[in-house]
Structure formats: C-alpha cells, structure tokens
Amino acid sequence: MTFNWRWDFTWEILPKLLWATLNTLIAAGFGYAIALVAGLLLALALRSKWPALTFVVREFVEFIRSTPLVLQIFFVFYVAPQFGIVLSPWTSGIIAIGVHYSAYLSEVYRAGLDSVPRGQWEACRALNMSPRVTYARIIIPQALAPAVPGLGNYLVGIFKDTPMLSVIGVMELMHTANAIGSENYSYLEPYTLVGLIFLLISLPTAGLVRLFERRLRLGLGL
C-alpha cells in the first residue's frame, strides 16, 4: 500500500466541495428551523389538558424517535406521492430532517419547561395571566437557558446527518464527495476534505452554543 496525496487534485475538487458545503448548511439550517418550531409546539401539546391530544402527540414522538431518519426520508420522498404529495428531493429531505429532530427537540423543551420552579407557575395563576402570556413572557424565557445545550447538540447532529439526504439524490457534501471519488477513482482526498469540513464547522458551532448559553444565563440572572 502506498500513500499518495495529490495536492493538484485537492485544489481542483475543493471549490466543488465548498459549494456542496453551502448546500449542506442550507439543508441543515432549514431543517433545524422546522425542528425548533415544531419541537416547541409538540412540547406544549404534551402539556395540554386534553388527554386525546396528549396521547396522539406522545405516540407520534415515540414513533419518530423509534424509526431511523433514512426511512423517514424515503417515506416523504417515495411514499408521499402515492397520496398526492409530490415534493422535490430538497424539500423532502428538509421536511424529513425537521420532523425527525422535532421529536427530539420536544424532549429538550419539555425538560426545560419542567425545570422552571413551580412557584413561577403558581405566581402566573395568582396574577390571572392567560396561558399565552404565561408561556411567552414568563415560562419559555426561563426554560430556554437549561435547554440551550441540548438544542445546540442537535444542531450539530442535524449537520452531521445531512449526508443521509444523498439517498434521494440531494447534492450535499457527502454526495458530492462520492461523485468525485467515483469519477476520478480516488477517494482519499475528497473523503478527507469532507471530514475536515465537518470538523471545522461542528467545533466552532459547539463553542458558539456554549457562549450563547452563558450569555443567556447572565441575562436571566441565573
């Protein structure tokens, strides 16, 4: 076996991988935005006073958490058209990622909501605050601080799971590296660069999440 790193090939493929990185970040960003909103709605629904709604949401969360993301991607892209819902690979992948991670983020939100002292809830009821005002102005701001680490971890997780979108032809980072490797019969450079790109994005993101958590706690006086 010989180790032969080709720098000329590296500089040739780097622009393609950087462009694919942009596509990966877009997919991860939109998927995460969906997960943030949907996860909060699921967490609030789990606290509903309606048993039927709570049951449906709880079973939905368990189903999503118990099935692999790649299966959900296939389902949205290949099965949904049989029900008249035809989506592009990009849209299907983003929706699948958003729904998948919303189930996990709902648990992060739930833990954050449960961490709010009981006295805060009782004070809101004593002041006759509506549920909307209670959550928006009192409970959710306090629940965010303990939830930030979990939310940040799943942001990094979404970014690392975007290669699964290649199964439906989305030209994200890993799909591009596979195409380059098969075209040139050389996988060392593209796969190594992909690993470095993921590392260079994931580590700073984790650091920014920790910084945001500290600033949030300081702002709330925690």
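Higher on the page you've got the structure.
All values reported here derive from a predicted model rather than from experimental measurement.

Novice: Honestly, the environment of Ile140 in this entry has me stumped. Any pointers?
Specialist: Relative to the helices and strands, Ile140 is located in helix α6 (residues 131-161). Setting aside anything within four residues of it in sequence, one finds Ile140 in contact with Leu40 and Tyr135.

Novice: Sorry, what's going on with the packing of helix α3 (residues 69-79) against helix α4 (residues 89-115) here?
Specialist: Pairs of packed helices are described in terms of their axes, by the angle between the two and the distance that separates them. Contact geometry of α3 with α4 gives a least axis separation of 9 Å together with a crossing angle of 135 degrees. One finds that α3 runs oblique with respect to α4. Handedness of the crossing formed by α3 with α4: right-handed. Touching Leu69, Gln72, Ile73, Val76 and Phe77 of α3 are Pro89, Ser92, Ala96, Ile97 and His100, all from α4. When the residues that make up the contact of α3 with α4 are grouped by side-chain class, the tally is seven nonpolar, three polar and no charged.

Novice: Even after reading the chapter, I still don't get the side chain of Ser106, so can you show me in this structure?
Specialist: Its location among the elements puts Ser106 in helix α4. Setting aside its immediate chain neighbours within four residues, Ser106 contacts Gly39, Leu42, Ala43 and Val61.

Novice: What am I meant to see in the pattern of salt bridges here?
Specialist: Between side chains of opposite charge, a pair can form as their charged atoms come close. Tallied over the entire structure, the rule returns four salt bridges. Across the pair Arg47 and Asp114 runs a salt bridge, and its minimum N-O distance is 2.8 Å. Taken as a pair, Arg47 in the loop between α1 (7-46) and α2 (51-66) and Asp114 in helix α4 lie far apart in primary sequence, 67 residues in all. In this structure, Glu122 engages Arg118 in a salt bridge whose closest nitrogen and oxygen atoms are separated by 3.4 Å. In this pair, Glu122 and Arg118 both sit in helix α5 (residues 118-126), four residues apart, roughly one turn of the helix. The class of Glu122 is partly exposed, set by a relative accessible area of 42%.

Novice: Help me understand a nonpolar patch on the surface, please; the structure alone is not making it clear to me.
Specialist: On the surface, Trp19, Leu22, Ile26 and Phe30 cluster together to form a nonpolar patch covering roughly 430 Å² of accessible area. Mapping Leu22 onto the fold places it in helix α1.

Cut-off values and rules
- Residues numbered from 1 in each chain as written.
- Predicted model: local features only at pLDDT ≥ 70, side-chain atom pairs only at ≥ 80, totals over all residues.
- Heavy atoms only, no water.
- Helix = DSSP H or I, 4+ residues; strand = E, 2+ residues; numbered from the N terminus.
- Contact = heavy atoms within 4.5 Å.
- Axes fitted to C-alpha atoms, helices over the stretch in contact; angles between N-to-C directions.
- Parallel < 35°, antiparallel > 145°, perpendicular 65-115°, else oblique.
- Left-handed = near helix turned anticlockwise from the far one by under 90°.
- Nonpolar A, V, L, I, M, F, W, Y, C, P; charged D, E, K, R; others polar.
- Salt bridge = Lys/Arg side-chain N within 4 Å of Asp/Glu carboxyl O.
- Buried < 20%, exposed > 50% of the residue type's maximum accessible area, 1.4 Å probe, protein only.
- Patch = residues over 30% accessible without salt bridge, like charges linked within 9 Å, V, L, I, M, F, W, Y side chains within 5 Å.
- Areas by Shrake-Rupley, 256 points an atom, 1.4 Å probe, with all protein chains shown as cover.

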